[in-house]
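# Summary of structural features
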Amino acid sequence: NTAAMSRRSGFKDPPLGPTETAKEDEWTNEDMENFRKTDLAQQFEEVKSLETQKLSASELNTFATAKKIVKVVTMLVVFLIVLSATVVSKGATFLMVSQVSTTRSPTPFCTNNIPYLYANLTGPVVSNSSGQEKIAWLWGLFFSFLAPELLVFIQSFWNYLTRAEKREENQEDEKDGEREDQDKSTGKIKENQLLQIDFIIVSFFEVAHAAGTAILFTIAFPEMDSIQAIMATSALCWFPGFLLLFKQVKEDTSKKIVKISLTVISLLVQMTALVWPVVWGLDNQTDKRVWALPVGLFLTSLGWWEGFVGDWVTGYLSQLKTKLMDHENSADMNLGVAPLKICTFILIFAFAPTLNSPSELFTLFIDSFTTFDYFLNPTWTLETPIYHITTILESIEIFWKGPVLVILVQIISSWVAYIFGKFACKGKIQEWCYALPLSVLATPICVISLLQLCYNKKSDACVYASFPPHVFFHCPQEVWAWDWRWMGLLWFLSQLWITHHIWFPKNEKLEKTDHIFGADLYSGLLIDQSLMLNRRSDEEKNTKMESQEEDKPGKIRIKGCATLWHETSEEMTVMLQSTFRMDDWTKKMKETPGHRDYFDWELHVFFDDAMATKSNGKVIVNDFVETLRKTIEDYGEKYYGPTKWSVDLEKFKTPYGGRMVWQLPGGTSINVHLKNKKKIRHKKRWSQIMYIYYFLVYMLKNDGLTEEEIEDRKKNTFLLALDGDVDFQPDAITKVVDLMKVNPKVGAACGRIHPTGTGPMQWYQKFEYAIGHWLQKATEHMLGCVLCSPGCFSLFRAEALMSHNVMHTYTTMASEPKHLVQYDQGEDRWLCTLMLKQGWRVEYCAASDSFTQCPEGFKEFFNQRRRWMPSTMLNIVDLISDSKTVIKNNPDISKGYMFYQSFMMFGTVFGPGSIFLMLIGAFSTAFGISNDTALIINAVLAGGFVVACCVLKGPEQVRLAELLTVVYAIIMIAVYIGIILQIIQDGPESLTALSFFVTFGSFLFAAIIHPMEFSCLFCMPIYMATIPSMYMLLMIYAIFNINDVSWGTREGPKSAEDKAKEEEEKKRKKPEGIFGFVQSQLDSTLNSSLSCICCGNEDRTEEKIEKIEKSLVFTEKSLTMLEKSLNQIKGHMNIDGAEYIPEEKDEKNVDENRESKADNQTDQLDLAKTREPKKSVVGLFKSRAKEILVENVKVGFWKEEKERRENEKVIENWKGELNKKEEVFWKELIEKFLFVEKFDEKKRDKEVQGLLELKNNTAGGFVLVNVMWISAFYMLQAHTYELGIKWPIGEKLLSISFDTNDPLNSDQIILDYMYLKVDVLGMLFAIGFIGLMSLQFVTMILHRLLTLEHIVSSTPLLTPMAQGLKQDLAKHSSKIKMNGTKFVNGDKSVSISKV
C-alpha cells in the first residue's frame, strides 16, 4: 500500500493542512465530477503505458511502393511494345508496297544465291520480281487492310445475333416503345436513334476512306520509293485539320490567335501534297502520283472526322458522333459499312497498274504464294533479263520464307500496337506510351532505319541473308540526298501540331473504347496515323466537368451501410479504423476541389438485436451496443488524439428502436441505428431493406429535388455494403467506383476479399478465397457477370436497386421451404440474382482490396458454409431454370455463359462422388490394395458420416467431421504420393497426369501473375490435404442440415423466452420421411455411443462448469463488498486510532500481508506522535461526523454516477427525436415491410415440417445421384479392358522385333506399343475438367490485364504535393480555356467569365 511504499522509499505523505481539509470537506457532486474528468483523468494518462499501434491488414498490404514499381515497369514495356510494333508494321507494309512497284529500280542480288547452273555469271547482278509474284504481295496489302475490317464486322454481327432473339421476343414492346419515342407534336424519332441519312453520311466518309487507302497503296505509293512513301503518310491530316481550325475559331481564349495561326500554317503545309507531285511529275506525264497521291491523301483523311468533332461543333456531325458513341448503334452501323469498305477496296485494287487483267488475281493466286518467280539481270544489260528463276516452296516453307510471313507479321504487329495503345489510353499513361512513340518516334525511326538498310544493301548485296534474295525495299537513287526530303519534314511537323491533342488526355480511368477512339479498331495499313487521328479530342469532356462543378450535377454520393450483430470490440475496432481513415481522406479531398476521385461519404451502422428488457420493463441498449460506444470513444481518442476528439454523442428515439450519431472531426458522421427486434424485423436482409428504403426513398424523395435532380441522384448515389469487421483503405472504394463510372449498366461491384485471422482454418480459407477470386470470379466477369457480390464489401448502384422487380421482390417474405434457404441464408447472392434478372451487370474489381475476419474454428466454419452452400446452389438453379428470361433481359449473359454455370453446377452436385472415386484409385495405388478393398474402406468412412448426419445432432456431426478431416488429411499425403506413382507408371501424357499438371500449373501461374498475393500459395498444402473434407464431408453436412436456418456464426446468448420456445419445439418435433424414420429408430441406440466417441459428455459438463463458475464469481464479489463495508465501519468507529484493517488481501503471499500489516501499524504510531493533543470527546465526535459526512457525499456521488449511466441506456430517457416526416416514414415502412410477425404456432410447425421435407427430398436425391455416379464409374473402371477406349497419346514401347521367317520383309522392324485404356465417362469428365481449367486460365489472364490497367491508371508516380500542383495547373488551364464559353445545364445557360 501507499504508506508502506513511502516508508521504504524514505518519503512520507505530508499531513493535510487546515485549508485543504476544509476544502475537501466542502466538495460537492459537481466538484467530484470535475475532479474525475480533469485531474484524475490526467493522472491516469500520465502513468498509462505506451501502446505500440498495430497496423491493420489493409495497411500492411497497401504495397504503395510496389505499385509504383509495377507502373514504371509497365510504362517501359508498353512504350517499347507500341514503338516496336508500329515500326515493324510500317516496315512490313512498305516492304509489300515495294514489291508491287512497276518502276522500282532493280535490287542488288547476292551472287551467293545464284544457282550453280549460272555460276559462270560474273559481275554485279540485280533482280526484278515477275508479274506472278507481285500478285501475292498485292493480296498481302488487301489482307492487311481486311484484317481489322473483318474483325469489326464479326464483332458487329455477333452483337446483332445476341440481340436478334431479344428483338423478336420483344417485338411488340419495341413497337410500343417506338410510338412513345415519337414526339407527339412533330412526330420526330428519338434523338439517339440512327436514321437513314446517318447511314448515308457515315457510309460516304468510310467508303471515301477505303477508296483513298486503296489508291494510295495500289497506285500512288508503288510509284514512289519507300522513303518518299513513308514521309507522305504524314500528309493525311487535311480534313481533321479543317475541323480543328473550325473548333479554334469558336474558342475564346488568350491563345486563340496563336493556335489558329499554327493550324493554318499546318494546313497549308499539308496541302502542298497537291502541288509537290505535280511539280515533281512534269517530266513524266504518265506518272500516277500527279493525281493519285493528293486524291488518295484527301479521301483517306475523311475517315478520321469523328475524332475531331465534339460538343463545340453545333450541327449534324456533333449529333451523329453522339449517336455513334453508343455501342449498339456503332455495331449496327459497322454491320452495313464494313462490307462496303471491303468491296470498295477490292474494286480499286482489282484494277491496280501492276495487273495485266483483274482475272490474274484469282488465276495466279496459289502459284504466287507457293513460288518465288523473278528475273536476274547483269548490271550491264538491264533492258532484257537473261535469267528467269522460279523457286518452288515446300509446304512449311510457305509460312516462313514467302509473302505469308510478312503478311502475318504486319497483321499481328498492327493489332499489338492497337491493343497496347488502347491500354496506354485507358491506363492514363498516354503521354509517354502512346503520344511519344506514335507522333514523335515511329516515322523518324522508320525513315532513318530504312535509309541505313538501303545504304548497306547498295554497299553489299549479301549483307542481309535473312531476306529472300530478290525481296527488298524500294530504295532511293541517292540514299543520303536531302533534295526533296525537307518537304517530308514539314509534313511531319504539321502532323505533330494537328494531333497535339493526344499529348493532353482528359479521359477517365478505364474509359470505354467508344469514348477513346472515333472509329472501331484501326486502319491496318496506316497504323500510326489511324491511332493518332482516330483518338478523340476530348477537351469538351473537361469543360463539361468543370462547368458541372458549380452546380454539382453528377456528384458521387456513397452511403456506407454496415451491419452489426454480435461483433467483439476488436472486430469493431477494425471497422472503426477504416471509418476514421475515410474521415481523414474525405477531409483531404474537400481541400482539393475538383479531384476526380472525390465523393460525398457518410457511414450508417445498422445494429441488429441491440435492445434488452430489464426486470422493471424498461428497454435499454444491450452490452454489445455499450461495447460499440466505448470502442468508438476509446479508439477515437487514440486515433485523433485527446485534443481533436471532442465529439458529442447525440441520441434519438426512433420507431424501430434508437439512433446514436457521432460527428467526426473530418466532417463525416457515424449514424448507428439500433434495432429493437420486438419493433422491427431483425437479420441482415431486413437491415438491408431498411437502409435501402431509407436512402433511396425517404432521403431521395424528401430532399426538395426536382425530377431531373432525382434521376441524377439515382445514377450517382451508391450504397457500400459492409460487415462489422471489414478493414479497407479509401482507395478500395475509389477502385469500385471507377467501374461504376465507366459502365452505367453496372449495378453492383465487389472487390478482392482477403480473410484474416490465425490457424489452419484461416490458412485454408486464404487459399480458397485466392483461387476463387483468381479463377472463378475472373471467369464470371469476363464471360458474363459475377453471380455474387458479397455483403462484406460491395458497392450497389441506387438506380439498380430501385429498378422494377428488384426491391419489390427482395422484400418478399419466404412462403416456401426453399425460400427460407434462398432468401435469408445468402441474401447478398439473392439480391445479385434479382439484379441480373433485370438486366444489370455485376462486376469484380481485383484492384480493390478489403479484409474481413473469417471463422477460425472448425465448427464456426462448417456452420458458415452450411448457410452458404444451399443458398448458392438454389440461386444458381434459379438462374439456370429461368435462363431464357435472364438472357433476354441481360445483354451480358449468353447461352454459352449459362452452359458454363450449368457445368459448374453439375460439378458441384457430383463433386462428392468424384472425390470418392478419386480416393478409391489413390488408395489402391498408394497402399497397394485392390479397388474393392479401397471401395469398402471409403464407403465405411463416407457412409458412416452420412449415417451420423441422420442420427446425430449438429454439434456432434461437426465434431465427427473434424475427426474425419484429420484422418483424411493424413491419408491424402499418401494419396498424392500414389498419384505421382501413377503418373510415373502411366506417363506424363495420361489423363491423370494432364489433370494433375493442369490443376497445379494453373494455381502456380495464377500466383505468379498475382505477385502481391503470392504468399497465398504457401497455404496450398492445407487446402490440398482437406479436399475430401471440404468437397465431400462439408457438402454432405450442408445438404443434410438444409433445414437448419439459424445463422450459425456469432450466436449470442439466448433469452429465456427463446430457450423456452426451442424446448417446446423439440418436444413437438416428430421425424418424418425415410431419414426421419432412420433417425427415430437409431437415435436411442447410436446417439449416445457416437456422441461419446465424438465428444463424450462435453456439452453438459461445460454447461455445469459454466454455471458453477458464474456462482463462484458472484459469491466472491458479494464477499468482497461485505469486507469493504466492514472495514469502512471499523474505520469510522476507531476514535483514537483503531487497528488498521486492510481492504484487500493478497491470498497468494501471506508473508507480504504480514509485513504490510506491520508497516501499517508502524506508520500509524508515527502519525499518532505527530498529531495534536487529544481533544474532548465532543470534538472528536464532531470531527468524526464531518468525516462520515464527506464519505457519504463521495459514496452518494458514485451511486448517482452509476444510476446516471444506467439511465443513459434507457431508450425512453433519450431526448432526441426525429422530424415528423422521418418518423412517419419509419412507421409506414415497418407496417408495410418490416413489421414483427406474431408467433403463429401452426405456421411455425408448417415451416418446420416443410424444411424437414425439403431436407429429406434433397438429401435423398443427393445420395441417390452420387451413388449412381459412383456405381457407373466404378463398374466402367472395373471393366475398362472390355468397355474402355484407347487413349491416343502417351503410348509405351513394349518390344522391338524382326520377322526373320519372311524373306521379303526380313529387313522391317516391328514395334509393339501399348496404349492406355480409359472408360468413356472418365475420359469425358477429365476432358471437361481440363477444358474448364483452361477456360478459367485464359479468362484469368485477360482479367489480369484489365486489373493491371486499373492499377496503373490509379497509381500516381508523383508525390502528393507535386500531384496537387499538377492538378491545380491543369484546372487553371482548363478554366482559361472555358473563358467566355457558354454551357447548358438543364434549362439554364451558364456563362463563365474571365479568370
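Please refer to the structure placed before this passage.
Bear in mind that the values here come from a model prediction, so they are computed numbers and not experimental data. (Residues numbered from 1 in each chain as written. Predicted model: local features only at pLDDT ≥ 70, side-chain atom pairs only at ≥ 80, totals over all residues. Heavy atoms only, no water.)

## Observations regarding the overall build of the protein
- The helix and strand tally for the protein stands at 52 helices and 23 strands.
- Out of the 1395 residues belonging to the protein, those deemed buried represent 47%.
- Across the protein, the fraction of contacts at a sequence separation of at least 24, relative to all contacts at a separation of at least 6, is 80%. (Helix = DSSP H or I, 4+ residues; strand = E, 2+ residues; numbered from the N terminus. Buried < 20%, exposed > 50% of the residue type's maximum accessible area, 1.4 Å probe, protein only. Contact = heavy atoms within 4.5 Å.)

## As for the nonpolar core
- Membership of the largest hydrophobic core comes to 133 residues, with the highest contact counts inside it found for Trp774, Met835, Phe862, Phe945, Met1032 and Leu1234.
- Among all residues touching Trp774, those that are not within four sequence positions of it are Arg752, Phe1003, Ala1006, Ala1007, His1010, Glu1013, Cys1016 and Met1340.
- Formed by 124 residues, the second largest nonpolar core is a distinct cluster that contains Ile219, Trp304, Phe345 and Ala424. (Core = buried A, V, L, I, M, F, W, Y, C linked by side-chain atoms within 4.5 Å.)

## Some thoughts on empty space enclosed by the protein
- In total, this model carries seven cavities of 30 Å³ or more according to the counting rule given.
- As a volume, the largest cavity reaches approximately 340 Å³.
- For the largest cavity, the lining is made up of 26 residues, of which Glu206, Asn334, Lys341, Ala519 and Asp520 are closest to its centre.
- Among the secondary structure elements, those contributing two or more residues to the lining of the largest cavity are α6 (131-169), α8 (196-220) and α14 (327-349).
- Broken down by element, the residue count for the lining of the largest cavity peaks at six residues, all from α14. (1 Å grid on protein atoms, 1.4 Å probe; cavity = no way out; pocket = protein on both sides within 12 Å on 5 of 7 lines; lining within 4 Å. Points joined across faces, edges and corners; volume = space filled by probe spheres on them.)

## Quick look at the pairing of strand β15 (residues 793-797)
- Within β15, five of the five residues are buried, which leaves the element mostly enclosed by the surrounding structure.
- What you see with β15 is no split at all: Phe793, Leu795 and Arg797 on one side and Ser794 and Phe796 on the other are buried throughout.
- Both strand β12 (residues 717-723) and β15 contribute to a ladder of five bridges, which runs antiparallel. Paired with Leu722 across the bridge in β15 is Phe793.
- In this structure, strand β14 (residues 746-756) lies alongside β15, joined through three bridges in antiparallel fashion. Bridge pairing links Ala748 to Phe796 in β15. (Pairing = 2+ DSSP bridges.)

## Quick word on a nonpolar patch on the surface
- A grouping of Met782, Phe1005, Val1338, Ile1341, Leu1342, Leu1345 and Leu1346 is seen on the molecular surface, where their side chains present a nonpolar patch of about 530 Å² in accessible area.
- Its relative accessible area of 45% is what places Val1338 among the partly exposed residues. (Patch = residues over 30% accessible without salt bridge, like charges linked within 9 Å, V, L, I, M, F, W, Y side chains within 5 Å. Areas by Shrake-Rupley, 256 points an atom, 1.4 Å probe, with all protein chains shown as cover. Salt bridge = Lys/Arg side-chain N within 4 Å of Asp/Glu carboxyl O.)

## Side note on the packing of aromatic side chains
- For the structure shown, the criterion picks out 64 aromatic pairs.
- Arranged with centres 5.8 Å apart and planes meeting at 55°, the rings of Phe142 and Phe143 form a pair that is tilted.
- On the accessibility criterion, Phe143 (26% relative accessible area) is partly exposed.
- Between Phe767 and Phe1003, the ring centres sit 5.5 Å apart and the planes meet at 85°, which makes this aromatic pair edge-to-face. One end of the pair, Phe767, is in helix α29 (residues 760-783); the other, Phe1003, is in helix α40 (residues 991-1008), and 236 residues separate them in sequence.
- Overall, Phe1003 belongs to the buried group, its relative accessible area being 6%.
- Chaining the aromatic ring pairs together yields one cluster made of Trp139, Phe142, Phe143, Phe145, Phe345, Phe349, Phe362, Phe365 and Phe369.
- Sitting over the face of the ring of Trp686, Arg681 holds its NZ or CZ atom 4.4 Å from the ring centroid. (Phe/Tyr/Trp six-rings, centres within 6.5 Å; stacked < 30°, edge-to-face > 60°. Lys NZ or Arg CZ within 6 Å of the ring centre and 35° of its normal.)

## Examining the pattern of salt bridges
- For the structure shown, the criterion picks out 30 salt bridges.
- The salt bridge partner of Asp731 is Lys735, with a shortest N-O separation of 2.4 Å. Placement of both Asp731 and Lys735 in helix α28 (residues 730-742) is noted, with a separation of four residues, approximately one turn of the helix.
- Through salt bridges with shared partners, a single network forms among Glu149, Glu206 and Lys341.

## Considerations on the sheet that holds strand β5 (residues 557-564)
- Within the open sheet, the eleven strands sit side by side as β13-β16-β14-β15-β12-β5-β6-β11-β10-β9-β17. Their pairing is mixed. On the outer flanks of this sheet lie β13 (727-728) and β17 (1216-1217), each paired with one strand and no other.
- Contacts between helix α33 (residues 827-837) and the sheet are confined to β14, β15 and β16 (841-853), with β15 contributing the most and set at about 35° to the helix. (Axes fitted to C-alpha atoms, helices over the stretch in contact; angles between N-to-C directions.)

## Section: the side chain of Glu1349
- Mapped onto the elements of the fold, Glu1349 is located in helix α51 (residues 1320-1354).
- In this structure, Glu1349 is in contact with Phe423, Lys426, Gly427 and Leu510, ignoring residues within four places of it in sequence.

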